[in-house]
Amino acid sequence: EAHLHERFIAVHPSQFKAQYDFLRWTVQAGADSFEHAYAVPDDVIPEIAAKKMYCVPTLAILRILAREYKARGSEWDWKVKKYVESEEIFRKLKKAGVRMAVGTDAVTENLVEYPGLMFKETDEFVELGYTPMETIVAATKIGAEVSDAADRLGTIEVGKLADLVVLEKDPLANIANLRTAQIVVQGGRIVKR
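This write-up is about the structure you can find in this document. The model shown is predicted, which means the values in this text are computed figures rather than measured ones.

### Re the nonpolar core
Thought 1: Core analysis: the largest hydrophobic core is formed by 24 residues, its most contacted members being Val40, Ile48, Leu93, Met100 and Phe125.
Thought 2: Going through the elements one at a time, helix 1 (19-29), helix 2 (45-50) and helix 5 (86-96) are the ones with two or more residues in this core.
Thought 3: Those residues in contact with Leu93 that sit more than four places away from it in its chain are Ala37, Val40, Ile45, Ile48, Cys55, Val98 and Met100.
Thought 4: Tyr38, Ala60, Ile64 and Tyr83 belong to the second-largest nonpolar core, a separate cluster that totals 14 residues.

Next comes the structure, spelled out in structure tokens:
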């Protein structure tokens, strides 16, 4: 029904015991994207790729949460396992050709408590097998597609908003160089030097 109204469908699977089924239903129902690279059954990955679904794996926050829940004690081991398995699932999704976008799934309190999550997420992508250029595309072009905003964001083209940064250092040499912004351009205007 949402597709009939030309709406992009993004799904946020839960952490309940039925989460594996939930993602399976999500794929079968034809969603466009899902959050988190956890609770993804191996047999569903080829279908995700075939249907050209997106995943926003949110690796950085999952790793942080895994450490925090591990410190709480063994009664949280089930949750830690879900977070830790995201690394292997990410690799499987990549190998299958699933399009992934850089994103954090972080709400206000997470952004305050864990500043720089987007940069940490790009670091995670490279650490787990993406090239720096693939990571930049995942953060820009694919990020815009997942946000249903590719008509105005994600690439530098005539007619788009012209939001971009000028970096001091080459991010293709080291993805951490994304942190070296010298000029911020928003809507074609320099807003920060």
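### Digging into the sheet that holds strand 6 (residues 181-186)
Thought 1: With respect to topology, 3 strands assemble into an open sheet ordered 5-6-7, the strand pairing being antiparallel. Of all the strands in the sheet, the pair left with one neighbour each is strand 5 (164-167) and strand 7 (189-192). Averaged over all pairs of adjacent strands, the angle between their axes in this sheet comes to 35°, without regard to strand direction.
Thought 2: Across 3 bridges, the pairing between strand 6 and strand 7 is antiparallel. In the sheet register, Val184 faces strand 7, and the bridge partner there is Lys192.

Here is what the cut-offs are and how they apply
Residues numbered from 1 in each chain as written. Predicted model: local features only at pLDDT ≥ 70, side-chain atom pairs only at ≥ 80, totals over all residues. Heavy atoms only, no water. Core = buried A, V, L, I, M, F, W, Y, C linked by side-chain atoms within 4.5 Å. Buried < 20%, exposed > 50% of the residue type's maximum accessible area, 1.4 Å probe, protein only. Helix = DSSP H or I, 4+ residues; strand = E, 2+ residues; numbered from the N terminus. Contact = heavy atoms within 4.5 Å. Pairing = 2+ DSSP bridges. Axes fitted to C-alpha atoms, helices over the stretch in contact; angles between N-to-C directions.

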